[in-house]
Amino acid sequence: MKLKKEIKFFINDREVIAKSGETILNVARREGFYIPTMCYLEKVNPIASCRLCLVDVEGSKGSILSCQTKPTEGIKVRTDSEYLYKHRQNIMKLYDVNHPLECGVCDKSGACELQNKTLEFGINCQDFSIREPHRQIENWGKIQYDPSLCILCERCVSTCNQAIGDDAIELKFGGYGSAIVLKDKTSQTLECSTCGECIAVCPVGALISTDFKYSSNAWELNKVPSVCTHCSAGCEIDYEIKHSSTLNHDAKIYRVTNNFENSSICGAGRFGFNFANVPNDEQNAKNLKNKKFDEVVNAVKKANTIIFNSHITNEEAFILQKLKEKLKLKLVNHEAYNLQKFLGAFSRSSGETLPNGKIEDVENADQIVVVGSRIIVENPQVRYAMTRAYKKNRAFISYMHPVYEPLLNNIVKQHIRYEVGTEEGVVALLSEALIGQVLKFDLDVGYVSGETNVGEEELARIYQIGKKSKKRILIVGSDIIAHEKRENIARFLGVMQKFSNIKILVVPEELNSFGVAKICQLDEKATGKTVGYNITGDYIISALKDIGHFSVPALNQQEGTIIDINHKVKKLNVAVSFNGQSLNDIANEIFDPIDCREYTIDRTRDIFNVDFDSLENIQIDSQEIEIDCTEMPNEISKLPTFDGTLVYNSRTYLEFNPFSAFDKNGKFNYENNLLIGSEQFATAGKIADGDEVEFEILGEKFKRKFKIDKDMRGVIALNPIFDKNLKAYQLSSSYKFQKVKIVKVAK
Amino acid sequence: MSLDAFKNRNIGSQNYVPVNIENYPTSGWDKFKQVVKRGVGKELFVGLWVVLREMLKFKIHTVQYPSEVLPIGPRYRAVHKLLRLLESGNERCIGCGLCEKICVADCIRMDTRVDENSRKEVVEYSINLGRCIFCGYCAEVCPELAIVHGSRYENVSEQRAHFVLKDDMLTPIDFLKQQKEFSGFGALSPNADQLVKKTPLAY
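Below or above, wherever it landed, is the structure these notes cover. On a predicted model such as this, the values are computed, not experimentally measured, just so you know.

**Concerning helix 7 (residues 291-302) of chain A**
Residue and element names in this part refer to chain A.
Then, number 1: Between its first and last C-alpha atoms helix 7 spans 16 Å; for 12 residues at 1.5 Å apiece the expected length is 16 Å, and the two agree.
Then, number 2: For helix 7, the full list of buried residues reads Lys-292, Phe-293, Val-296, Val-297, Ala-299 and Val-300. Around the axis of helix 7, the buried residues are gathered within 155° of arc, so they sit on the same side. Helix 7 presents Lys-291 and Lys-302 as exposed residues on the side facing more than 90 degrees away from its buried surface.
Then, number 3: Taken together, the buried residues of helix 7 touch strand 14 (305-308), helix 8 (314-327), strand 21 (530-533), strand 22 (539-542), strand 23 (550-551) and helix 19 (583-590).

Next up, the structure:
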């Protein structure tokens with residue numbers, strides 16, 4: 001089996017050491033030897049289609065592929081020779097055959113690996129050619145595929161399959177007529193989560209973004225490193241900016257790119273970047289003390305409550321906390337409040353302040369259980385880690401959620417659709433199955449299993465797998481945090497962390513819930529006059545374009561820090577300017593002089609004791625707390641039942657919040673005013689595909705077009721809510737399953 | 001190599017003609033003598049005679065600008081022009097952005113987008129004449145001979161920008177017939193056809 005041994009061998013006559021599992025290419029790159037590659041990507045298994053990485057080994061016949069070969073003791077590897085250069089030149093000549101000479105208009109020009117390697121190997125004329133078959137440009141929605149530019153390196157196919165898990169494209173073999181095709185032959189458009197990772201990894205201009213197409217040359221764009229703000233993962237991304245047009249010098253974001261070699265981002269992050277805010281007309285930037293500014297300062301001064309959500313930076317949260325102390329008002333943030341309650345109960349049972357799971361733990365796990373999270377949209381990064389865990393270690397993944405998720409079929413072994421509202425029972429049963437040997441729970445398994453609809457055979461399977469798995473992780477999502485019984489569920493999870501090697505990963509709904517929960521003292525209910533910060537209230541301060549009474553910069557217009565689900569502090573940078581006032585300016589009007597700071601990021605020092613500019617690699621560590629006795633979970637008395645028509649207030653693959661719903665022209669363009677359900681739901685609700693329906697959730701009226709999705713199952717329909725802009729936050733921070741009365745609108 | 005070779009001021013036996021320049025007068029009296037000699041001596045009348053002679057001959061060399069304009073060489077680099085294809089009248093510019101990149105004064109900007117035929121369209125193109133140093137790199141790098149230097153050096157307007165927006169530079173479609181092929185820097189050499197290497201076709 002695995003030998004933890006170091007292997008000594010030679011590259012170009014220098015002795016190098018390979019750790020276990022490393023290939024020759026890995027070692028060469030680490031040691032600074034250059035081996036050209038075209039198809040190699042760190043995040044997937046070696047594809048071995050380009051054959052550029054061939055190296056010579058002394059004494060052996062022929063050359064070997066360095067990307068997939070592991071070294072043996074004492075071999076002498078040569079990475080360059082006359083023969084290898086000729087060989088690589090020949091490969092490049094083949095790649096260049098009939099490659100359209102449209103670099104002048106190609107989006108990839110200047111950042112094209114084919115261009116680079118062609119120049120590197122001095123291919124300046126074409127000695128041969130082949131008759132070109134007719135090739136059609138395919139339009140797959142956000143993604144466009146041009147087969148005549150494709151060099152068939154298969155990076156996109158491997159990424160889609162091994163790093164993302166959508167498995168939506170494949171290679172059609174056919175000699176010179178080979179191409180990338182959709183796996184689902186019946187469909188014209190791409191049936192996937194539209195992460196756009198295939199665009200990122202494509203070394204040439206074959207796969208491009210239709211939004212970005214022909215809008216700018218790659219070399220004109222400046223990269224601004226920042227963090228994606230759409231979910232709790234906090235992925236590192238680069239905003240690529242340039243002047244808006246020849247006559248408008250203000251910077252504009254043209255696209256978002258990522259380090260595709262070893263990480264992936266989702267479609268919301270890649271395509272939903274155009275949410276920069278503009279000040280209201282009355283907010284004159286030149287004159288700071290204007291009428292509008294006085295109005296907002298007065299509104300804050302007179303308010304009894306500030307309501308906000310966790311779509312903010314730590315610095316903003318800190319200012320809100322200071323405002324609370326100064327003005328003696330209430331701070332309300334439903335999701336972070338729930339998370340605080342959850343973490344409080346969790347720490348009283350586990351003896352540690354924070355759950356110990358990290359995304360890396362998911363990637364290395366043998367057994368993964370997901371409860372109460374539609375993880376595919378709630379945190380795509382965790383889902384990618386699950387995919388890699390499955391592809392690398394054949395991890396056993398149980399996905400427990402009332403809504404069936406067809407795209408997870410590729411990696412999930414066990415789909416368990418529990419009854420809505422019974423999360424407490426589900427977690428109790430899981431605790432029984434996973435650590436029942438160590439700890440006795442007072443649990444009526446038969447009753448709970450019946451009520452939750454989680455079968456005892458299924459639990460037995462989880463128990464069996466758990467027995468032989470070394471690395472186990474349990475992922476809990478926002479349905480648990482928003483659940484009424486969150487504290488009892490947290491106790492189950494707490495004892496699980498304490499008494500077993502199972503790691504717990506908590507995935508909150510919003511970007512910075514952990515940060516807000518750490519910094520702010522929150523209140524449960526709002527009273528009196530309210531000021532909404534990025535959420536509805538009597539007076540609305542908003543970073544969302546065209547909404548609210550007073551505009552503040554959006555998250556790509558300000559510097560600040562956030563805390564991601566790995567409890568790591570990450571930095572946001574300014575991509576687009578904002579000519580107006582921020583929360584800090586409002587607070588400076590109210591605070592005592594000692595608390596005033598010129599810029600928002602001056603408050604980073606107040607929070608983390610480090611200046612913003614020198615802040616790097618801060619990890620919020622879990623601390624052990626002294627507890628007299630472990631708080632044990634309560635007995636489960638009665639589980640709630642949700643009968644009737646149910647909808648799930650959900651994100652869509654591309655729209656995670658109102659901020660991700662801006663199109664390339666910066667218009668709020670929310671396309672999904674649909675209610676998506678299965679055929680079963682249609683029969684039960686007596687509605688048909690295309691019907692206009694109306695219903696009401698927590699006082700918010702919805703008008704939707706019903707659409708049948710053939711891949712869906714069960715009687716819960718998906719209701720994307722973010723066309724309601726800031727009002728939707730109220731729905732997304734409460735329990736997402738809601739009972740509704742659907743009324744068909746007569747035509 | 002030492003610097004001695006450069007320091008050698010021995011001009012040798014070349015065709016140099018030493019000019020005999022009188023020493024400057026130093027005393028006041030010498031200066032006065034020089035003025036009188038030049039003012040009323042024959043030097044004054046030599047000049048007057050040359051002018052009178054040429055006037056009587058009616059052989060005047062002055063160019064009657066602006067009613068008369070001298071022809072200008074193809075390599076002259078005046079305000080830019082954007083050319084069209086002669087046959088179809090389509091714009092030559094494909095929006096590759098090489099001129100934008102090569103411009104040493106960083107004065108070229110362009111906006112591109114996808115047009116109705118899903119081709120790359122240049123919506124706006126501008127040159128900041130306040131920065132342009134008329135180096136000619138843009139014309140030289142252009143793969144389509146679309147941006148070229150014109151020969152128009154008379155520019156009068158309230159603003160420099162009036163000459164270098166796309167509409168000002170682009171050949172008007174009615175004047176397509178009058179459009180002249182550019183032959184300055186970056187243009188094809190007369191024997192370009194012979195220099196093209198063709199890809200051998202296997203079929």
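Now that the structure has been shown, we can carry on.
**Looking at the pattern of salt bridges**
Then, number 1: On inspection of all chains with the given rule, the structure shows 43 salt bridges over all chains.
Then, number 2: Its salt-bridge partner being Glu-509 of chain A, residue Lys-736 of chain A comes within 2.5 Å of it at the nearest N-O pair. Taken together, the residues span a long stretch of sequence, with Lys-736 of chain A in the loop between helix 22 (728-732) and strand 32 (737-739) and Glu-509 of chain A in the loop between strand 20 (503-506) and helix 18 (513-519) at a distance of 227 residues.
Then, number 3: When its relative accessible area of 5% is taken as the criterion, Lys-736 of chain A is described as buried.
Then, number 4: The class for Glu-509 of chain A is buried, based on a relative accessible area of 1%.
Then, number 5: Notably, a salt bridge pairs Lys-33 of chain B with Asp-30 of chain B, separated by 3.9 Å at the nearest N-O pair. In this pair, Lys-33 of chain B and Asp-30 of chain B are both assigned in helix 2 (residues 28-40), 3 residues apart and thus about one turn of the helix distant.
Then, number 6: Note on Asp-30 of chain B: relative accessible area 30%, which makes it partly exposed.
Then, number 7: Each of Arg-14, Glu-22, Arg-30 and Glu-31 of chain A takes part in salt bridges that share partners, so that together they form one network.

**Describing the environment of Lys-736 of chain A**
All names here are of chain A.
Then, number 1: For the pair Lys-736 and Asn-139, spaced 597 residues apart in the sequence, the C-alpha separation amounts to 35 Å.
Then, number 2: If we ignore the near neighbours within four places in the chain, the residues touching Lys-736 are Glu-378, Ser-478, Asp-479, Glu-509, Val-647, Tyr-648 and Asn-649.
Then, number 3: For Lys-736, the side chain forms a polar contact with the side chain of Glu-378, separated by 2.8 Å.
Then, number 4: In terms of polar contacts, Lys-736 uses its side chain to reach the side chain of Glu-509, at 2.5 Å.

**Observations regarding the interface of chain A and chain B**
Then, number 1: Taken together, the contact between chain A and chain B spans 21 residues of the former and 24 residues of the latter.
Then, number 2: Interface area for chain A against chain B, summed over the two sides, is near 1,900 Å², with a carbon-plus-sulfur share of 53%.
Then, number 3: Here chain A is connected to chain B by 0 salt bridges.
Then, number 4: For the pair chain A and chain B, the number of links is 6 residue pairs in polar contact (both at pLDDT 80 or more).
Then, number 5: Grouping the constituent residues of the side of chain A that touches chain B by class yields 6 nonpolar, 10 polar and 5 charged.

**Regarding the packing of aromatic side chains**
All names here are of chain A.
Then, number 1: One pass over the full model with this rule turns up 15 aromatic pairs over all chains.
Then, number 2: Taken together, a centroid distance of 5.5 Å and an interplanar angle of 50° make the contact between Tyr-85 and Phe-121 tilted. In this pair, Tyr-85 is assigned in helix 2 (residues 82-96) and Phe-121 in the loop between helix 3 (113-120) and strand 6 (138-140), connecting sequence segments 36 residues apart.
Then, number 3: Under the relative-accessibility criterion, Tyr-85 is labelled partly exposed at 37%.
Then, number 4: Arranged with centres 5.8 Å apart and planes meeting at 80°, the rings of Phe-275 and Phe-659 form a pair that is edge-to-face.

**Here we look at the sheet that holds strand 10 (residues 207-209) of chain A**
By definition, the strands of a sheet pair up through backbone hydrogen bonds, in either a parallel or an antiparallel sense.
All names here are of chain A.
Then, number 1: Strand order across the open sheet formed by 3 strands is 6-7-10, with antiparallel pairing between neighbours. The sheet terminates laterally at strand 6 and strand 10, the two strands that pair on one side only. This sheet shows a mean twist of 25° between the axes of neighbouring strands, independent of strand direction.
Then, number 2: Here strand 6 runs beside strand 7 (residues 143-145); their pairing, made up of 3 bridges, is antiparallel. Directly across from Glu-138, in strand 7, lies its bridge partner Tyr-145.

**Describing the packing of helix 13 (residues 423-435) of chain A against helix 15 (residues 456-468) of chain A**
Residue and element names in this part refer to chain A.
Then, number 1: One way to put it is that helix 13 packs onto helix 15 with a least axis distance of 8 Å and a crossing angle of 40°. One finds that helix 13 runs oblique with respect to helix 15. The hand of the helix 13/helix 15 crossing is right-handed. Contacts between helix 13 and helix 15 involve Leu-429, Leu-430, Ala-433 and Leu-434 from the former and Leu-459, Ile-462 and Tyr-463 from the latter.

Scoring rules and cut-offs
- Residues numbered from 1 in each chain as written.
- Chains lettered and ligands numbered in written order.
- Predicted model: local features only at pLDDT ≥ 70, side-chain atom pairs only at ≥ 80, totals over all residues.
- Heavy atoms only, no water.
- Helix = DSSP H or I, 4+ residues; strand = E, 2+ residues; numbered from the N terminus.
- Expected span 1.5 Å × (residues − 1).
- Buried < 20%, exposed > 50% of the residue type's maximum accessible area, 1.4 Å probe, protein only.
- Arc of directions from axis to C-beta.
- Contact = heavy atoms within 4.5 Å.
- Salt bridge = Lys/Arg side-chain N within 4 Å of Asp/Glu carboxyl O.
- Polar contact = N/O pair within 3.5 Å; in protein donor to acceptor, adjacent residues only side chain to side chain.
- Buried area = accessible area lost by both parts, 1.4 Å probe.
- Nonpolar A, V, L, I, M, F, W, Y, C, P; charged D, E, K, R; others polar.
- Phe/Tyr/Trp six-rings, centres within 6.5 Å; stacked < 30°, edge-to-face > 60°.
- Pairing = 2+ DSSP bridges.
- Axes fitted to C-alpha atoms, helices over the stretch in contact; angles between N-to-C directions.
- Parallel < 35°, antiparallel > 145°, perpendicular 65-115°, else oblique.
- Left-handed = near helix turned anticlockwise from the far one by under 90°.

So yeah, pure geometry; function would need other evidence.
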